[in-house]
Amino acid sequence: MLTTKECIELEDIYGAHNYKPLDVVLTKGSGIWVEDVEGRKYMDFLAAYSALNQGHCHPRLVKVMQEQCSRLALTSRAFRNDQLPLLAKELCELTGYEMMLPMNSGAEAVETAIKAVRKWGYQNKCIKKDKAEIIVCSGNFHGRTTTIISFSTEEQYKEGFGPLTPGFVVVTYGDIEAFEKAINNNTVAFLVEPIQGESGVVIPDEGYLKGAEMICEDNNILFVTDEIQSGLGRTGKMFVTEHEDVHPDMIIIGKALSGGMYPVSAVVSSREILGVFNPGDHGSTYGGSPIACAVAREALKVIVDERLVEKSAEVGAYLIGELRKIDSPYVDFYRGKGLWIGIVLKKDAGGARRFCEALKDKGILTKETHENVIRLAPPLVITKKEIDTAIEIIHEVLS
Ligand SMILES: *Cc1c(COP(=O)(O)O)cnc(C)c1O
């Protein structure tokens, strides 16, 4: 087996440098625990940006994955398979929507949402060809395709990658009046993360989502939420919008939809909206594959059977309570919902990266978001006892 140093050297030579990972080379995982090539154990407090809500290598997911890939892996959508109809039904029943469309990566599901709302707009709002507008928010993260980065407010995401896709209007996140003012006759949808993860677990004021929902309804605009990172239990509800009894017209789901086994994403919506797609309008070779669907079905069942949504609320409240007891000269404040917490550092704390390095050296893996926020998002299967172990380490590092 290669050593950590050898792995890093090889990757640096042959792999493009579009990431700057912590220098830990993992080779095994189980639940919240991962192990590096030298046998050091770590708690995973990033959970692959919430793709691992069910924990690493969940035995039920491993079993379904193995069974399905030795029976039938891929058909393409040129033919039907016996897993897609079941996932479609189960996902719709779980989320309360009428229809779903499966894709692979989160970015592809966002692209699907963009195509759907644009076509819906042209068919339902008499908008002139190529004039549809989608309102999005500052600080957004919706993925890395050329169209999606076109409406990012992060300069680095766009610099050097133009020409960009038009048709997006950016308003300040959390500012309901700014959103309302940006609406015009060409507006087809409002696309928003109900909590911004990559921006540093930024939670808008209570009432923002409800307000946005009402404004969308009044103006015949589609309300689309990107719950790729926030959904499927992360915040202590299945979806963030449930905290405010809000019902978006469309929800974009990914990451934990497969519990880390395989890239699976989807949009769920009404028959009216997803019905705009005709055969040939949109597709994906691997989207809706038997493996993807079998794994996603089991991943959803694990969330329900193991009460991961309820656990996220309970254990998350405990974690943030324990964090707030730490008297740290570096921390400005903590914010979070469920098992999703941002530790916001003071300006003079020297940045979050060095704390993530220190946490890594003591056995906790996490990742800074932007310069000064440490994000904590362990798998939802984490126990209170494991939280206690983590708190001791976090305490050492922060004080
Ligand atoms: C991760 C993420 C995406 C993109 O998903 P990929 O699978 O990386 O393409 C989109 N939106 C949000 C909110 C995300 O967290």
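Residues numbered from 1 in each chain as written. Predicted model: local features only at pLDDT ≥ 70, side-chain atom pairs only at ≥ 80, totals over all residues. Heavy atoms only, no water.

(A) Inspection of the environment of Leu 359 at higher detail. Within the fold, Leu 359 resides in helix H13 (residues 353-361). Each C-alpha atom of the pair Leu 359 and Glu 396 lies 9.1 Å from the other, and the pair is 37 residues apart in sequence. Those residues within four positions of Leu 359 in sequence are excluded, and the remaining contacts are Ile 364, Thr 366, Ile 374, Ile 393, Ile 394 and Val 397. (Helix = DSSP H or I, 4+ residues; strand = E, 2+ residues; numbered from the N terminus. Contact = heavy atoms within 4.5 Å.)

(B) Main features of the sheet that holds strand S13 (residues 364-365). Spatially, the four strands line up as an open sheet ordered S1-S2-S3-S13, and their pairing is mixed. Each edge of the open sheet carries a strand with a single partner, namely strand S1 (26-30) and S13. Summarising the sheet, S1 and strand S2 (residues 33-36) pair through four bridges and their orientation is antiparallel. Bridge assignment links Leu 26 to a residue of S2, and that residue is Asp 36. (Pairing = 2+ DSSP bridges.)

(C) Examining empty space enclosed by the protein more closely. On inspection of all chains with the given rule, the structure shows one cavity of 30 Å³ or more. Quantified by volume, the largest cavity comes out at close to 50 Å³. Around the largest cavity, the lining residues are Gly 139, Asn 140, Phe 141, Ser 152, Glu 154, Tyr 157, Glu 198, Ser 199 and His 370. (1 Å grid on protein atoms, 1.4 Å probe; cavity = no way out; pocket = protein on both sides within 12 Å on 5 of 7 lines; lining within 4 Å. Points joined across faces, edges and corners; volume = space filled by probe spheres on them.)

(D) Spatial organisation of the site of the ligand. Residues in contact with the ligand, as listed here, are Ser 105, Gly 106, Ala 107, Phe 141, His 142, Gly 143, Glu 193, Asp 226, Ile 228, Gln 229 and Lys 255. Here an oxygen atom of the ligand and a backbone polar atom of Ala 107 are 2.8 Å apart. Here an oxygen atom of the ligand sits 2.7 Å away from a polar atom, N or O, in the side chain of Gln 229. When its residues are assigned to classes, the shell around the ligand shows three nonpolar, five polar and three charged. (Near = heavy atom within 4 Å. Polar contact = N/O pair within 3.5 Å; in protein donor to acceptor, adjacent residues only side chain to side chain. Nonpolar A, V, L, I, M, F, W, Y, C, P; charged D, E, K, R; others polar.)

(E) The arrangement of the sheet that holds strand S7 (residues 187-192) in detail. What the seven strands build is an open sheet, ordered S4-S10-S9-S8-S7-S5-S6; its pairing is mixed. The outermost strands of the open sheet, each flanked by one partner alone, are strand S4 (99-103) and strand S6 (168-171). Ignoring which end each strand starts from, the neighbouring axes of this sheet average 20° apart. Bridge count for S7 against strand S8 (residues 222-226) is four bridges, and the pairing is parallel. The partner of Val 192 across the bridge, within S8, is Thr 225. Strands S4, strand S9 (250-253) and strand S10 (265-269) of the sheet are contacted by helix H4 (residues 84-95), whose axis makes an angle of about 125° with S4. (Axes fitted to C-alpha atoms, helices over the stretch in contact; angles between N-to-C directions.)

(F) Representation of the pattern of salt bridges in the model. If you walk through the whole model with that rule in mind, you get 23 salt bridges. Between Glu 314 and Arg 307 there is a salt bridge whose closest N-O contact spans 3.9 Å. Of the residues examined, Glu 314 reaches a relative accessible area of 47% and is grouped as partly exposed. A salt bridge links Arg 353 to Glu 368; the nearest nitrogen and oxygen atoms lie 3.5 Å apart. Placement of the pair is Arg 353 in helix H13 and Glu 368 in strand S14 (residues 367-369), with a sequence separation of 15 residues. On the basis of relative accessibility, which here comes to 18%, the residue Arg 353 falls in the buried class. Residues joined by salt bridges that share partners form a network here, namely Arg 353, Glu 357, Lys 367 and Glu 368. (Salt bridge = Lys/Arg side-chain N within 4 Å of Asp/Glu carboxyl O. Buried < 20%, exposed > 50% of the residue type's maximum accessible area, 1.4 Å probe, protein only.)

(G) Representation of the side chain of Lys 158 within the structure. Here Lys 158 is to be found in helix H7 (residues 155-158). Beyond its immediate chain neighbours, meaning those up to four positions away, Lys 158 contacts Ile 149, Ser 150, Ser 152 and Leu 164.

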